[in-house]
Amino acid sequence: EWHRDRIVTARVLKVDQHPNADKLKLVTLEYGAAEPKVVVTGAPNLKVGDAGQVVVLALTGSVLFDGHATPKKLMELKPTQLRGVPSDAMVCSGYELGTTEDHEGIILLPEGTPAGRPLADLMGDVVLEVDILPNMARCLALLGVAREVSAITGAAVRVPAETAPAGGPAIAGRVEVSIADPELSNRYIAYLIEGVNIRESPLDLQTRLNYAGMRPINNVVDATNFVMLEQGQPLHAFDYDVLVKRAGGKTPHIVVRPAKPGEILVTLDKAERKLTADHLVIADAVGPIALAGVMGGLETEVTSATKNILLEAAHFDFVSIRRTAKAFDLPSEASYRFSRGLHPATAQSAGRRAAQMIAELSGGKVAAGEVDCYPARRPPQVIDLPLAEVRRLLGIDIPKAEATRVLKALDFQVDSAGDAVLRVTAPTHRVDIQDGPADLIEELARIGGYDRLPATLLADPLPAQLGNAELAAEEEVRDRLVGYGLQEFITYSLTTPAREAALAPPAGKYVHLVNPIISDRDCLRHTVLAGVLECVAANLKHVATVRAFEIGPVFLARPEDTLPDERTRLAIALTGPRSPADWSGPAGSDLDFFDLKGIVEGLVRDLHLENTAIRVAQAAHLHPGKSAQLVVGDVVIGTFGELHPKAAAAFELARKTVLVGEFDLTGLLGARAARFAYSPLAKYPAALRDVAVIVPEATPAETVAAEVRAGGAGLLSGVQLFDVYRGDSIPAGTKSLAFALSYQAADRTLTDKEVDKAHQKIEARLKHVLKASIRGKE
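A brief look at the structure comes next. Every chain begins its residue count from 1, and numbering advances along the sequence as written. Totals for whole chains, interfaces and linings use every residue, but because this is a predicted model, local features are given only for residues with pLDDT of at least 70 and side-chain atom pairs only at 80 or more, for both listing and counting. Hydrogen atoms and water are omitted, and side-chain values are computed over all heavy atoms in the structure.

Comments concerning the pairing of strand S12 (residues 176–179)
Where a strand is regular, its side chains alternate between the two sheet faces. Residue burial is assigned from relative accessible area. The probe radius is 1.4 Å, only protein chains are included, and a residue is buried under 20% of its type maximum, exposed over 50%, and partly exposed in between. Strands are runs of DSSP state E lasting at least 2 residues, helices are runs of H or I lasting at least 4, and numbering of each runs from the N terminus. Residues Val 177 and Ile 179 line the buried face of S12, whereas the alternating positions Glu 176 and Ser 178 sit on a face that is not buried. Inspection of the sheet shows S12 paired to strand S15 (residues 253–258) by four bridges, in the parallel sense. Among the inter-strand pairings, Ser 178 is bridged to a residue of S15, identified as Val 255. By this definition, two strands are paired if DSSP reports at least two bridges between them.

Notes on the sheet that holds strand S35 (residues 658–664)
What the seven strands build is an open sheet, ordered S27-S30-S31-S35-S34-S33-S32; its pairing is mixed. The sheet is open, and its two borders are formed by strand S27 (487–488) and strand S32 (612–616), each paired with just one other strand. Whether two residues are in contact is decided by their heavy atoms: any pair within 4.5 Å suffices. A fitted line through C-alpha atoms represents every axis, and for helices the fit uses only the stretch in contact; the resulting angles, taken between N-to-C directions, go from 0 to 180 degrees. Packing against the sheet, helix H13 (residues 469–483) makes contact with S27, strand S30 (546–558) and strand S31 (561–575), and its axis sits at approximately 150 degrees to S30. In this fold helix H15 (residues 529–539) packs onto S30, S31, strand S34 (635–643) and S35, with an angle of close to 35 degrees to the strand it touches most, S31.

Quick word on the packing of aromatic side chains
Only Phe, Tyr and Trp rings are paired, with Trp represented by its six-membered ring, and only when their centres lie within 6.5 Å; those with planes under 30 degrees apart are stacked, over 60 edge-to-face, the remainder tilted. In total, this model carries five aromatic pairs according to the counting rule given. Ring geometry for Phe 593 versus Phe 594: centroids 5.4 Å apart, planes at 85 degrees, classification edge-to-face. Phe 594 sits in the exposed class, given a relative accessible area of 60%. Members of the aromatic cluster, joined through ring pairs, are Phe 593, Phe 594, Phe 640 and Phe 663. Distance and angle both matter: a charge sits over a ring if NZ of Lys or CZ of Arg is within 6 Å of the ring centre and within 35 degrees of the ring normal. A cation over an aromatic ring shows up here: Lys 72 above the ring of Tyr 95, its NZ or CZ 4.8 Å from the ring centre.

Quick notes on the nonpolar core
Across soluble globular proteins, you tend to see nonpolar side chains buried next to one another. What we call a nonpolar core is a set of buried Ala, Val, Leu, Ile, Met, Phe, Trp, Tyr and Cys residues that are connected through their side-chain atoms within 4.5 Å. Among the nonpolar cores identified, the biggest contains 36 residues, and Tyr 188, Phe 238, Ile 254, Ile 282, Leu 291, Leu 310 and Phe 316 are the most heavily contacted of them. At four residues, the largest contribution of residues to this core is made by strand S18 (residues 280–283). Counting residues in each nonpolar core, the second largest holds 30 residues, with Leu 205, Leu 209, Ala 237 and Val 302 among its members.

By themselves, these are just geometric observations and shouldn't be taken as functional.
Structural data, given as structure tokens:
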């Protein structure tokens, strides 16, 4: 907020050269005080010998933006010396006052502005920042906001006049307009303003544009920008004489068409744009002169030498504009509005208003008439609104008179179509009215206040609740894994082949996005594990141990179908110390293969899967000798083990022991039995025995355990491997596996004789089937 007594207007009495600096000047100012004040400035728009200009003077104690600080910050003005000359005030630029981002020159106020007046009385205003949601695009215009305020408060809206003055010769025959594809451009109107004088806009217009976040350019461009902010319709001004010159002195012919492949346009930002058929352009007989709805061309821009203006007011397909703006990374106020949808009717009202403003600001004359190419007019949108539908959707009755008042306040035309039906015609600026009565009822609820809507139960009975077995099963897997101490990750389904290459994902083509949001996520993933490992690397910057999993889809190519095979995968990753350091001792040893194997076995057990096995296996991304696969029946469901060092390095996990696994959860859950039996808890104690078996080194412990279970069927209730021994006391190339066995009966306490008999049967089976030796007995 500008201090009324310290930031004031001042008149320049004289400008002298600074005695000790070539680029500085001494400005003597009269500002209503008893004595003039001398300030030091380097402003380029004040020259030695100048007098009479009116500027903005800030006195000691003023709070301004520091013109030399980055980032932008406020400062309090204090007395100082500049090259030996005392200075306790300054003349201000728009940057220092906070009205613009320009601090190359100071503000020069209109001639005749009195000196000594508080600047707040001349330029001060209240600026409201309004956050416009996507469904309220009509409020990207001052008129749109005004209509909303009018509907809420009852105040009248002042709509500017649309009729442009016609002081010049008729426009007919002086410009031609055609549209190649009405689907891409539904309307194009051209206006001609002759005899313009290009200059700065009046201060009040510049101030309004600055407050709206737009940089003033000149009176013609400022008028088009002001009308765009006022009515929401982007406009563009061409130098008409340049168009005539390009047409060889003949009548310019404006064509709205898709660009031809290979065409080039230099836009206003002086960048050369290579065009394709996806880009809609404004063109003449020579070639493109503007990117439709995005940016004009440099050759036909309005300059200080321009005398005649061709003004464009048009309607373009919002999808086309959005695509072009994104392709060239050219966001603008115009493309922002076009890409959210406008009605063709807005072009005429805005075009007439802008032509009138340009004529008033530049001293030009508007040619009589307009060239209006409108190949497919949109009929009025008429909707019948039964008041009974209001009660059905909102749960309350809104009287007919109240509904009529609200809709008329929002610019809808309302007529009666019966005692309890309103016939409503939508205004042209409401392109969001698409779903008939429901959209109108939303307006009644919104303006009336959502707090008026009662909280009521549905009148109809709730439908029968149907379970989703697939989702329920996935949720159970999540609960189990969280119970094992893992944390769930959720990563992107979009990736690049390069991100997954180190994990040797399933072969096949990737599904690529035609229009990806970012270049490094342009296709659908083949593996969930890659995203999990990226998150593991990020988490290890903050914690020592990560135990994580993710359940998500992968998208695998199918040769016989254009659509991919979408399957749900489970990825698990573990790394870091098993237990943290604390008062009881140092950190535990690192997590290893058997921690991950225990999780897999626990999941198999808790899901009650049958006919499963864990077998030694090799995978390109896993460490040899430290990897395995989970098999259900004859189907490999997934692989797990220690991540290969090369794969770990690809995910910035070098010198880390990382345990990973990825499983086909669709197949895993598909193998789950629909029902499974529970056994009651045993009432009688178990008898315990141990057996140590010497087998060849290549024999898996699971094979031995399977034979133990087969031999002890009926009485054997538990098998647990508790020791593995290799050493001099057993033959070379063999190992000793020690198992703890539990024997138990459901209906009695077993006798030693029964247990010994069952134990001997197991030992005999091991000798016969595996040719094993029983350690300590042979």
